[in-house]
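Topology and contacts: notes
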Amino acid sequence: ESTPDQGTPYLLAVGSLDPRKNLPRLFHAWRLVHLRFPVLELRIVGGNSSIFKEMDCSLIEGCNIRLLGNISDAALLEQYRAATAFVYPSLYEGFGLPVLEAMAAGLPVLTSERSAMSEITGECAVLVDPHSEESISVGIIRILESSELRSTLSALGKIRAHEFSWDRSAKSIADLLNRYL
């Protein structure tokens, strides 16, 4: 699998073109961000390359968007580690594991205020209206323009991510079952 130039600054998003992932709005919002930060890339990991072929390519032309498709877990970890921030303006999620992965990797996170994402991130992310391209672009620009905000979100996100674990989840479920059985 080919790896993009690691020296290029980029934001990372993980998800397919499933409508709930909200990538078309992210792409429209990115066009505004790209005007202000023309060197920065938006990298999208996930989905089959064939899924992306069905997309209106005019949404991504000429504004530094890279569709990486499916990559190995090791390559994904490298993408998380080298990114400037993580963007995930999903319309709805059952849980949203990529947000936790990004926070655990120390990435500042931008995500939706109207889904389970806001419950997962708490105060550790920039929350945006996923139905508003302007809200998404303003949130991204806010993260990019403030190194202090990036540092704060990174530190708080790592702490928050460690509050979630498979063992803790299993114990919580077992406690609930024991209480009601």
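Let me begin by describing the structure that accompanies this report. Keep in mind the model is a prediction, meaning the values are calculated, not measured.

**A closer look at the nonpolar core**
Among the nonpolar cores identified, the biggest contains 25 residues, and Leu-11, Leu-26, Trp-30, Leu-42 and Ile-140 are the most heavily contacted of them. Only β1 (10-14), α1 (23-36), β2 (41-45), β4 (85-88), β6 (126-128), α6 (133-145) and α7 (147-161) provide two or more residues apiece to this core. Here this core takes six residues from α1, the largest share from any one element. The residues contacting Leu-26, other than those within four sequence positions of it, are Ala-13, Leu-42, Ile-44, Val-87, Pro-89, Ile-136 and Ile-140.

**Thoughts on the packing of aromatic side chains**
Inspection of the entire model under this criterion finds two aromatic pairs. A centroid spacing of 5.8 Å and a plane angle of 50° characterise the contact between Tyr-80 and Phe-86, whose relative ring orientation is tilted. The exposure classification of Tyr-80 matches that of Phe-86, with both residues buried. For the ring pair Phe-86 and Tyr-88, a centre distance of 5.7 Å and an interplane angle of 20° mean the geometry is stacked. By relative accessible area, Phe-86 is classed as buried at 0%. Every member of this aromatic cluster is reached through a ring pair, and the members are Tyr-80, Phe-86 and Tyr-88. Above the face of the Tyr-10 ring, Arg-43 is positioned so that its terminal group lies 3.7 Å from the ring centre.

**Remarks on the environment of Asn-70**
One can find Asn-70 in the loop between β3 (65-69) and α3 (73-82). In this structure, the C-alpha to C-alpha distance between Asn-70 and Val-45, residues 25 residues apart in sequence, is 6.1 Å.

**Notes on helix α4 (residues 97-104)**
All buried positions along α4 are accounted for by Pro-98, Val-99, Leu-100, Ala-102 and Met-103. For α4, the secondary structure elements touched by its buried residues are β1, α3, β4, β5 (109-112), α5 (116-121) and α7. Once α4 finishes, Gly-106 follows within two positions and takes phi at roughly 85°, a positive value.

**Regarding the pattern of salt bridges**
Taken as a whole and assessed by the stated rule, the structure comprises seven salt bridges. Close ionic contact of Asp-129 with Arg-114 constitutes a salt bridge, the shortest N to O distance being 3.4 Å. Remark: Arg-114 occurs in the loop between β5 and α5 and Asp-129 occurs in the loop between β6 and α6; sequence separation between them is 15 residues. Notably, a salt bridge pairs Glu-163 with Arg-160, separated by 2.9 Å at the nearest N-O pair.

**Notes on the packing of α1 against α6**
Between α1 and α6, the shortest axis-to-axis distance is 8 Å and the interhelical angle comes to 45°. Here α6 runs oblique to α1, going by the angle between their axes. Remark: the crossing between α1 and α6 carries right-handed chirality. Only Glu-133, Ile-136, Ser-137, Ile-140, Ile-141, Leu-144 and Glu-145 of α6 make contact with α1, whose side of the interface consists of Arg-25, Leu-26, His-28, Ala-29, Trp-30, Leu-32, Val-33 and Arg-36. Of the residues belonging to the contact of α1 with α6, the class tally is nine nonpolar, two polar and four charged.

Thresholds applied
- Residues numbered from 1 in each chain as written.
- Predicted model: local features only at pLDDT ≥ 70, side-chain atom pairs only at ≥ 80, totals over all residues.
- Heavy atoms only, no water.
- Core = buried A, V, L, I, M, F, W, Y, C linked by side-chain atoms within 4.5 Å.
- Buried < 20%, exposed > 50% of the residue type's maximum accessible area, 1.4 Å probe, protein only.
- Helix = DSSP H or I, 4+ residues; strand = E, 2+ residues; numbered from the N terminus.
- Contact = heavy atoms within 4.5 Å.
- Phe/Tyr/Trp six-rings, centres within 6.5 Å; stacked < 30°, edge-to-face > 60°.
- Lys NZ or Arg CZ within 6 Å of the ring centre and 35° of its normal.
- Salt bridge = Lys/Arg side-chain N within 4 Å of Asp/Glu carboxyl O.
- Axes fitted to C-alpha atoms, helices over the stretch in contact; angles between N-to-C directions.
- Parallel < 35°, antiparallel > 145°, perpendicular 65-115°, else oblique.
- Left-handed = near helix turned anticlockwise from the far one by under 90°.
- Nonpolar A, V, L, I, M, F, W, Y, C, P; charged D, E, K, R; others polar.

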